[in-house]
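# An overview of the molecular structure
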Amino acid sequence: DPGEINNAIDAAFRKARQEAEAARMKKEEPLLQAYERKQLKLLQTAVSFSRVSPTSCLTLAANRLGTTDAELRNRFLNSLRIYKDSYMEYADEMIKKNPDKRGGGIMVNIDDDGMSMEVPDYRLELPGLPEFNMEEEKISQVVDAIIPDVAVMAVYFLVLFGGTFIAFMRYDVR
């Protein structure tokens, strides 16, 4: 039966794809983690050097309070990895439940009688599709993160105000 043969071929392709994907992920994951660690270290170094400027300190603190800082990318990528795993489990489950609704588009059959085209009429039904949830920082974490920037701005203020005050007190009006 051609339908059984197609299903067997599809199952073999699916298995081979899953094995290849698993092997690729096994090799790719350590490389990706090392790359992200280097990117994070580079970002932290750049932020440390930029704290020399009070304007930069204010910008860093404001971005962190608004949760639009550079750490947002890391939180997003972590949430995306978690979602990807749950989505792939869901997709595999849906393929197993509905093997006849695995594809879309136009199906072309060529045989001795000629060529025939068929357009499947599938409705997109996604019961139980996992939701993407971005992990959010607690306000205590945000406040803890801006303390160095606020401290640097306070030191700048005290030094500059103190210098100005001393210069004012030494100024001779005569």
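So, a few notes on the structure that sits alongside this text. Because the structure is predicted, anything quoted here is derived from the model rather than measured. (Residues numbered from 1 in each chain as written. Predicted model: local features only at pLDDT ≥ 70, side-chain atom pairs only at ≥ 80, totals over all residues. Heavy atoms only, no water.)

## Quick word on the pattern of salt bridges
Condition: Salt bridges, as used here, are contacts in which a Lys or Arg side-chain nitrogen is within 4 Å of a carboxyl oxygen on Asp or Glu. Only protein chains enter the accessibility calculation, which uses a 1.4 Å probe; a residue is then buried when its area is under 20% of its type maximum, exposed when over 50%, and partly exposed in between.
Applying the stated criterion to the full structure yields eight salt bridges. A salt bridge links Asp69 to Arg64; the shortest N-O distance between them is 3.0 Å. We note a salt bridge from Arg75 to Asp69, for which the minimum N-O separation is 3.7 Å. In this structure Arg75 comes out as buried when scored by relative accessible area, which is 9%.

## A word on helix H4 (residues 139–170)
What counts, and what does not: In DSSP terms, a helix is any run of H or I states spanning at least four residues, a strand is any run of E spanning at least two, and both are numbered starting from the N terminus. Each helix should span, by expectation, one fewer than its residue count multiplied by 1.5 Å. What we call the bend at a residue is the angle made by axes fitted to the seven residues finishing there and the seven residues starting there.
Taking 1.5 Å of rise per residue, the 32 residues of H4 would be expected to cover 46 Å, and the 45 Å separating its terminal C-alpha atoms lies within 8% of that figure. Taken as a whole, H4 carries its principal kink of about 35 degrees at Ile147; the proline Pro148 stands between one and four residues after it. All of the buried residues in H4 are Val142, Ile146 and Asp149.

## What about unusual backbone geometry?
One non-glycine residue, Thr67, lies in the positive phi region at around 50 degrees. Judged by its relative accessible area of 35%, Thr67 is partly exposed.

## With respect to the packing of helix H2 (residues 54–65) against H4
The test is simple: Axis angles are defined between N-to-C directions and span 0 to 180 degrees, where every axis is a line fitted to C-alpha atoms and, for a helix, only to the segment in contact. Convention used here: angles under 35 degrees read as roughly parallel, angles over 145 as roughly antiparallel, angles from 65 to 115 as roughly perpendicular, and any remaining angle as oblique. Each helix crossing is assigned a hand: it is left-handed if the near helix lies turned anticlockwise from the far helix by less than a right angle, otherwise right-handed if that turn is clockwise. Whether two residues touch is decided by their heavy atoms; if any such pair falls within 4.5 Å, the residues are in contact. Throughout, the ten residues Ala, Val, Leu, Ile, Met, Phe, Trp, Tyr, Cys and Pro are labelled nonpolar, Asp, Glu, Lys and Arg are labelled charged, and all others, Gly among them, are labelled polar.
Running from amino to carboxyl end, H2 crosses H4 at an angle of 160 degrees, the nearest separation of the two axes being 9 Å. Considered as vectors, H2 and H4 are oriented roughly antiparallel to each other. In this structure, H2 meets H4 at a crossing whose hand is left-handed. Residues Pro54, Cys57, Leu58, Leu60, Ala61, Arg64 and Leu65 of H2 pack against Gln141, Val142, Ala145, Ile146, Asp149, Val152, Met153 and Tyr156 of H4. Within the contact of H2 with H4, the residues separate by chemical class into twelve nonpolar, one polar and two charged.

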